[in-house]
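For reference, the chains in residue letters:
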Amino acid sequence: MKLLKDILYGVSLSAVSGDTNVMVNDVHFDSRKVEMDDVFVAIRGTVADGHDFIQKAVDSGARAIVCEELPELMVNGVTYLQVDNCNSAMAVIASNFYGNPSKNLKLVGVTGTNGKTTVTTLLYNLFKKAGFKVGLISTIKVLVDDKEYKATHTTPDVLTINNYLSKMNEAGVEFCFMEVSSHGIHQKRAEGLHFEGAIFTNLSHDHLDYHKTFAEYRDTKKKLFDGLSKKAFALVNIDDKNGLVMLQNTKAKKYTYALKSFADYRAQILEKQFNGQLLKVDDNELWTKLIGDFNAYNLLAIYATADILGLEKMEILRLMSELENVDGRFQYYISKDKITAIVDYAHTPDALKNVLITINALRTGNENVITVVGCGGDRDKSKRPVMGHIASEMSNHAIFTSDNPRTESPTTIIEEMEAGVGAQNARKVLSIENRRQAIKTACKLAVPNDIILVAGKGHETYQETNGVRVEFDDFKEVKEALESLKK
């Protein structure tokens, strides 16, 4: 148990009713989890308002309530704490409750539209290869050194984050690499954490269903850098015009990386093949199994971060040469008929365009590129026609299909993608709502040496429709479909 006043250290309180010199057992923002002597924080969510469940928490035995508005009925023996923002308060409380675990390791946050998972995962792999105990908090999974936990969000809630970081402290983890989403920043999930540094990869069209405007989306990302201390580092991609925006107002030491611009860390692509590419990084050549310009940027960010964190440069390059693709990120399979299938998480216009640019740069021109792509439901609708246009413009054939339709009609989503297809590309497009059938059709259309891109879901092993998730793995599906053609 913890003393309530200790876990409130650093929280700005507007009003207090009751005793803070009492012992509490746990902290929750879900009233259904509250038990005797717990603290309940009334978070205002997008679906429900925690203030509506204060009495339920009290009835379940809550010892203290943190809220933005004090309830009319305040029960004797319960401590009520009024704050301006429950999300911010929760961040500080969670960190205090778990003993401020981020102070006891070097936590590096990675933000940007694309590349977060690749950069964090490969940094984890590189530092593990270098002999360190390392942590990872990513879209795909959470790793506490060698122990794996299933990830549920790009950036988990602050209680979960601090719980994982506490486990990392216990395991002796020295470095932790963490994806930091715009949702996570906006909802204060990264507040109360002590970052050793932050990395900005790029910024493009995404999450405008949540942030409403691109400027708001950009400025939300920037808050991660605004909150860094002068002892931290800020590393940004300045080939993206938003990179320098991230550095405005930050107290951290500033570093830049780029393929095209003058920067602290630079790389050049010397050679491209389907099985890898040759890079020149700070005047040293590096052969890597990761292909594409976007991966050159990812690898340069990894190199720069490892250098800033104190690893020896030649050792970094040696370890980078051993790195493998992350699941669902340009993951490829070549069939016996010499048909290449590529599965990629590309679910934004910019990511889809980058993957297709990479594919088209590697082909001889005699192969067909067949793209299978959809757009998620209950997400940014404005990107649907854009992705439809990109897929049809940059492929020989495009098959529009379901992604995770969630509560929306798959047919409607596909029609909104079709709206972006130009008249000159209409003949190249098929619309097949069933994703499994769409993948099978792509495989049947392909002839030897053709390239099939299955985009949008990447590492995900499910498809979500109306709140129900069924097992679905793009890589498994396309591999099985290609293998079945030989029978």
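Residues numbered from 1 in each chain as written. Predicted model: local features only at pLDDT ≥ 70, side-chain atom pairs only at ≥ 80, totals over all residues. Heavy atoms only, no water.

Peer 1: Would you mind showing me how to read the packing of helix 15 (residues 435-445) against helix 16 (residues 474-484) here?
Peer 2: Helix-helix packing: each pair is described by the crossing angle between the helix axes and the interaxial distance. Contact geometry for helix 15 and helix 16: axes closest at 9 Å, N-to-C directions at 45°. Classified by the angle their axes make, helix 15 and helix 16 are oblique. Classified by chirality, the crossing of helix 16 by helix 15 is right-handed. Here Arg435, Arg436, Ile439, Lys440 and Cys443 of helix 15 come into contact with helix 16, specifically with Asp474, Glu477, Val478, Ala481 and Leu482. Considered class by class, the residues forming the contact of helix 15 with helix 16 number 5 nonpolar, no polar and 5 charged. (Axes fitted to C-alpha atoms, helices over the stretch in contact; angles between N-to-C directions. Helix = DSSP H or I, 4+ residues; strand = E, 2+ residues; numbered from the N terminus. Parallel < 35°, antiparallel > 145°, perpendicular 65-115°, else oblique. Left-handed = near helix turned anticlockwise from the far one by under 90°. Contact = heavy atoms within 4.5 Å. Nonpolar A, V, L, I, M, F, W, Y, C, P; charged D, E, K, R; others polar.)

Peer 1: What's the story with the sheet that holds strand 21 (residues 369-373) in this structure? I'm lost.
Peer 2: Sheet strands pair via backbone hydrogen bonds, and the direction of the pair is either parallel or antiparallel. Spatial ordering of the open sheet is given by 19-20-24-21-22-23, a layout of 6 strands whose pairing is mixed. Across the chains shown, the open sheet's two edge strands, defined by having one partner strand only, are strand 19 (331-334) and strand 23 (429-431). For this sheet the average axis-to-axis angle between neighbouring strands, irrespective of direction, equals 15°. Against the sheet, helix 13 (residues 383-394) makes contact with strand 21, strand 22 (397-400) and strand 23, and its axis sits at roughly 150° relative to strand 22, the strand it touches most. Together, strand 21, strand 22 and strand 23 form the strand contacts of helix 14 (residues 410-418), whose direction differs from that of strand 22 by roughly 150°. (Pairing = 2+ DSSP bridges.)

Peer 1: Help me understand the environment of tyrosine 217, please; the structure alone is not making it clear to me.
Peer 2: Its location among the elements puts tyrosine 217 in helix 8 (residues 214-226). Judged by its relative accessible area of 0%, tyrosine 217 falls in the buried class. For the pair tyrosine 217 and phenylalanine 175, spaced 42 residues apart in sequence, the C-alpha separation works out to 28 Å. A distance of 2.9 Å separates polar atoms of two side chains, one belonging to tyrosine 217 and the other to threonine 113. (Buried < 20%, exposed > 50% of the residue type's maximum accessible area, 1.4 Å probe, protein only. Polar contact = N/O pair within 3.5 Å; in protein donor to acceptor, adjacent residues only side chain to side chain.)

Peer 1: Please explain the packing of aromatic side chains as it appears in this structure.
Peer 2: Aromatic rings in a pair are described by how distant their centres are and how their planes are angled relative to each other. Under the counting rule described, the total for this entry stands at 9 aromatic pairs. Ring geometry for phenylalanine 97 and tyrosine 98: centres 5.2 Å apart, planes at 85°, overall edge-to-face. For phenylalanine 97, a relative accessible area of 8% gives the class buried. A ring pair is formed by phenylalanine 132 and phenylalanine 175, whose centres lie 5.1 Å apart and whose planes are at 85°; its orientation type is edge-to-face. (Phe/Tyr/Trp six-rings, centres within 6.5 Å; stacked < 30°, edge-to-face > 60°.)

Peer 1: How should I be thinking about the pairing of strand 24 (residues 451-455) in this particular structure?
Peer 2: Look at any regular strand and the pattern is simple: side chains alternate between the two faces of the sheet. With 5 of its 5 residues buried, strand 24 lies for the most part within the structure. Side chains Ile451, Leu453 and Ala455 project from strand 24 onto one buried face, and the interleaved Ile452 and Val454 project onto a second face that is buried too. Both strand 20 (residues 340-344) and strand 24 contribute to a ladder of 5 bridges, which runs parallel. The residue bridging aspartate 344 from the neighbouring strand is alanine 455, located in strand 24.

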